[in-house]
Amino acid sequence: MNWKSFIRENGLHLSWVVALTATLGSLYFSEVLHFAPCKLCWYQRILMYPLVILLGIAAVRKEKKFYLYALPMSVWGAGISLYHYLMQKTDWFKSGAAACGPVPCDVDYIDWFHFVTIPFLALTAFVLITILQLLMWAAERK
């Protein structure tokens, strides 16, 4: 089995697993650990949560060109996550963090290994979904 057939058959399922894991993780942080999400976290959720449903449906229906719909959401989500992560970890965007809303966007609820934060986890999920969808697009091209 070459990579194209593997991606054609499993790309949507793998993307769905990543989106589901990210969604369950964000719900765990907010509902179990009671971490209040900031405005940028909500924007990331708005882009991730529908992907769970849409990728699940697309995987069951074996939609070959679903990347047309998933890519814009995952790329936008990655952009927001990267901005949020840079706001937390650098001085470049610190001025906008306090104006983010009731919960400042530069709050580090978790800081594993001094670089893994909640926006970093979201960025990782969005990038993985983007890569998988781009591979599906490449596999479908002649």
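Keep in mind that what you see is a predicted model, and the values were worked out from it rather than measured.

This part covers the side chain of T90. In this fold, T90 is placed in the loop between α3 (67-89) and α4 (118-140). On the accessibility criterion, T90 (18% relative accessible area) is buried. One polar contact links the side chain of T90 to the main-chain carbonyl oxygen of L86, over a distance of 2.5 Å.

This next bit is on the environment of Y109. Residue position: Y109 is located in the loop between α3 and α4. A sequence separation of 72 residues divides Y109 from P37, and the C-alpha atoms of the two residues are 9.9 Å apart. Other than its neighbours up to four places away in sequence, Y109 contacts F35, A36, V103 and I118.

Here the largest pocket is characterised by a volume of approximately 450 Å³. Elements with a contribution of two residues or more to the lining of the largest pocket: α1 (3-32), α2 (39-61), α3 and α4. Looking at the lining of the largest pocket element by element, the count peaks at eight residues for α4. Residue composition of the lining of the largest pocket, by class: 23 nonpolar, nine polar and two charged.

Let's shift gears to a nonpolar patch on the surface. Judged by side-chain polarity, W3, V127, I131 and L135 come together as a nonpolar surface patch covering roughly 330 Å² of accessible area. In terms of residue count, α4 provides more of the nonpolar patch than any other element does, three residues in total. Topologically, I131 is positioned in helix α4. Of the residues examined, I131 reaches a relative accessible area of 44% and is grouped as partly exposed.

What counts, and at which threshold
Residues numbered from 1 in each chain as written. Predicted model: local features only at pLDDT ≥ 70, side-chain atom pairs only at ≥ 80, totals over all residues. Heavy atoms only, no water. Helix = DSSP H or I, 4+ residues; strand = E, 2+ residues; numbered from the N terminus. Buried < 20%, exposed > 50% of the residue type's maximum accessible area, 1.4 Å probe, protein only. Polar contact = N/O pair within 3.5 Å; in protein donor to acceptor, adjacent residues only side chain to side chain. Contact = heavy atoms within 4.5 Å. 1 Å grid on protein atoms, 1.4 Å probe; cavity = no way out; pocket = protein on both sides within 12 Å on 5 of 7 lines; lining within 4 Å. Points joined across faces, edges and corners; volume = space filled by probe spheres on them. Nonpolar A, V, L, I, M, F, W, Y, C, P; charged D, E, K, R; others polar. Patch = residues over 30% accessible without salt bridge, like charges linked within 9 Å, V, L, I, M, F, W, Y side chains within 5 Å. Areas by Shrake-Rupley, 256 points an atom, 1.4 Å probe, with all protein chains shown as cover. Salt bridge = Lys/Arg side-chain N within 4 Å of Asp/Glu carboxyl O.

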